[in-house]
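Reading the structure
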Amino acid sequence: MWPKEDSWNTHPSGFYYKGRWQNVRCKITTNLPIPRYKRCFANRQLLLIGDSNVRIIGTRIINEMEFRLLKGNATSSIPQDVLAYEKSNNITLSMFPHQLPYYAHRSVDKTVFVSAAKRLDDIPAGDNRIILIHLWLHMLRSSVDTFRYHVRHIRQAIERLIQRSPNVHISIKGPHAYNYKDQLPVDYMASQHIRIWWEEFVDLHDKVIFLNEWDRTVGNENSNAHPNCAIDLISNFLAHVCDP
């Protein structure tokens, strides 16, 4: 496993060749057998906080690892809380929308929009869960100062969490490239978001993984809100959690 602080390196991390991502910094084993992931997650909880791109990750884990759905609809586009369980290895997966602003295109239950910091503060001492946090698409219409406010509160909550639960595994999923005709300049906003994550977490680079997905989604010319290399991005997240 490569050092966590290396994941914050903002220099180009690789390129696509014949449809496969070639990481120039380290060799990461992806697409491990499902039983290997189950052993990695055994007796742990997975906490996923974000938008529909996080839902895609959670849904794939639920389906491929044969979790039983206990609450919510993992495939619905309506923001909601989701809870699933895999009995044989005692794995729990919980999935929550991130805080407002969250631009849903329909009437939704606003009580589901709880801040990521509050979710983290609810984790008890001595916990070892695997955590993924993603703020991106729904934050694009907000100012960079507003985004920094959210990131700073997440960082402060992570500092408190690490103090009481040093065995948690935390990953931050960074921005991905895409284009929407009605959106702000995505390239500029991504550069600002990445900079803010880097600056606010500068003292936590050795404790938190930053999943820099910009290179991958530029490399395969993604133009979708939900990247067409989603499977590759999911494998990247899992590879940072589970040693080969």
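About the criteria used
Residues numbered from 1 in each chain as written. Predicted model: local features only at pLDDT ≥ 70, side-chain atom pairs only at ≥ 80, totals over all residues. Heavy atoms only, no water. Helix = DSSP H or I, 4+ residues; strand = E, 2+ residues; numbered from the N terminus. Buried < 20%, exposed > 50% of the residue type's maximum accessible area, 1.4 Å probe, protein only. Contact = heavy atoms within 4.5 Å. Areas by Shrake-Rupley, 256 points an atom, 1.4 Å probe, with all protein chains shown as cover. Lys, Arg positive; Asp, Glu negative; His and termini not counted. Charge placed at Lys NZ, Arg CZ, Asp CG, Glu CD. Core = buried A, V, L, I, M, F, W, Y, C linked by side-chain atoms within 4.5 Å. Patch = residues over 30% accessible without salt bridge, like charges linked within 9 Å, V, L, I, M, F, W, Y side chains within 5 Å. Salt bridge = Lys/Arg side-chain N within 4 Å of Asp/Glu carboxyl O. Polar contact = N/O pair within 3.5 Å; in protein donor to acceptor, adjacent residues only side chain to side chain. Disulfide = S-S within 2.5 Å. Arc of directions from axis to C-beta. Phe/Tyr/Trp six-rings, centres within 6.5 Å; stacked < 30°, edge-to-face > 60°. Lys NZ or Arg CZ within 6 Å of the ring centre and 35° of its normal. Pairing = 2+ DSSP bridges. Axes fitted to C-alpha atoms, helices over the stretch in contact; angles between N-to-C directions. Parallel < 35°, antiparallel > 145°, perpendicular 65-115°, else oblique. Left-handed = near helix turned anticlockwise from the far one by under 90°. Nonpolar A, V, L, I, M, F, W, Y, C, P; charged D, E, K, R; others polar.

This next bit is on the overall build of the protein chain. Within the protein chain, the secondary structure is distributed over seven helices and nine strands. By the burial criterion, 54% of the 244 residues in the protein chain qualify as buried. At a minimum sequence separation of 6, the contacts of the protein chain that also span at least 24 residues come to 72%. Of the roughly 11600 Å² of accessible surface on the protein chain, a fraction of 50% belongs to carbon and sulfur atoms. Charged side chains in the protein chain number 30 positive and 24 negative. The centres of these two groups are separated by 5 Å.

This part takes up the nonpolar core. Nonpolar side chains in soluble globular proteins generally cluster together in the buried interior. Counting residues in hydrophobic clusters, the biggest one holds 39 residues, and the most contacted among them are Leu120, Ile131, Trp136, Ile154, Ile158, Trp197 and Phe201. Not counting chain neighbours up to four residues away, the residues in contact with Trp136 comprise Pro175, His176, Tyr178, Val186, Met189, Ala190, His193 and Trp214. If you look at the next biggest cluster of nonpolar residues, it comprises 26 residues, including Ala84, Ile234, Phe237 and Val241.

Before going further, it helps to spend a moment on a nonpolar patch on the surface. A grouping of Phe15, Tyr17 and Val24 is seen on the molecular surface, where their side chains present a nonpolar patch of about 330 Å² in accessible area. With respect to the secondary-structure elements, Val24 resides in the loop between strand E2 (20–23) and helix H1 (34–41).

Here Thr217 is to be found in helix H6 (residues 214–219). Of note is the side chain of Thr217, whose polar atom sits 2.7 Å from the backbone oxygen of Glu213.

To continue, consider the state of the cysteines. Applying the stated rule across the entire model yields one disulfide. Note that Cys40 is cross-linked by a disulfide to Cys242, the S-S spacing being 2.2 Å. Here Cys40 and Cys242 share a disulfide; its torsion about the S-S bond, -90 degrees, makes the bridge left-handed. Remark: Cys242 occurs in the segment after helix H7 (230–241) and Cys40 occurs in helix H1; sequence separation between them is 202 residues.

A turn of α-helix holds 3.6 residues, and therefore any two residues three or four places apart point the same way. For H1, the complete set of buried residues consists of Tyr37, Lys38, Cys40 and Phe41. What you see down the axis of H1 is that its buried residues fit within an arc of 160 degrees, all on one side.

Turning next to the side chain of Asp127. Topologically, Asp127 is positioned in the loop between helix H3 (116–121) and strand E7 (130–134). Under the relative-accessibility criterion, Asp127 is labelled buried at 10%. If we skip the residues at most four places from it in the chain, Asp127 touches Gln45, Ser165, Asn167 and Val168.

In this section: the packing of aromatic side chains. Overall, the coordinates contain six aromatic pairs when judged by the stated rule. Centroid distance Tyr102 to Phe113: 5.0 Å. Interplanar angle 35 degrees. Geometry classified as tilted. Of this pair, Tyr102 sits in the loop between strand E6 (91–97) and H3 while Phe113 is found in the loop between E6 and H3, placing the two residues 11 residues apart along the sequence. A relative accessible area of 12% means that Tyr102 is categorised as buried. Taken together, Trp8, Phe147, Trp197, Phe201 and Phe210 form an aromatic cluster joined through their ring pairs. Cation over ring: Arg119 sits above Phe96, and NZ or CZ is 3.8 Å from the ring centre.

On strand E5 (residues 82–86), burial follows the alternation: Val82, Ala84 and Glu86 on one face are buried, whereas Leu83 and Tyr85 on the facing-out side are not. Of the strand pairs in this sheet, E5 and E6 are connected by five bridges, and their pairing is antiparallel. Bridged to Val82 within E6 is Met95. Counting the residues in the hairpin turn of E5 and E6 gives four residues, including Asn90, whose phi is positive at 55 degrees.

One open sheet accounts for seven strands, arranged E4-E5-E6-E3-E7-E8-E9; its pairing is mixed. Either end of the sheet is taken by a strand with one partner, and the two such strands are strand E4 (68–71) and strand E9 (208–211). Neighbour-to-neighbour, the strand axes of this sheet turn through a mean angle of 20 degrees, independent of strand direction. One ladder, built from three bridges, connects E4 with E5; its direction is antiparallel. Residue Lys71 lies in a different strand from E5, and its bridge partner there is Leu83.

At a minimum axis distance of 10 Å, the contact between helix H4 (residues 144–164) and helix H5 (residues 186–200) shows a crossing angle of 30 degrees. Taken together, H4 and H5 sit at an angle that is classed as roughly parallel. Once H4 is placed against H5, the crossing between them reads as right-handed. The segment H4 lies against H5, with Val144, Phe147, Arg148, Val151, Arg152, Ile154 and Arg155 engaging Met189, Gln192, His193, Arg195, Ile196, Trp197, Glu199 and Glu200. Tallied by class, the residues present in the contact of H4 with H5 amount to seven nonpolar, two polar and six charged.

Such coordinate-based values are descriptive only and should not be taken to indicate function.
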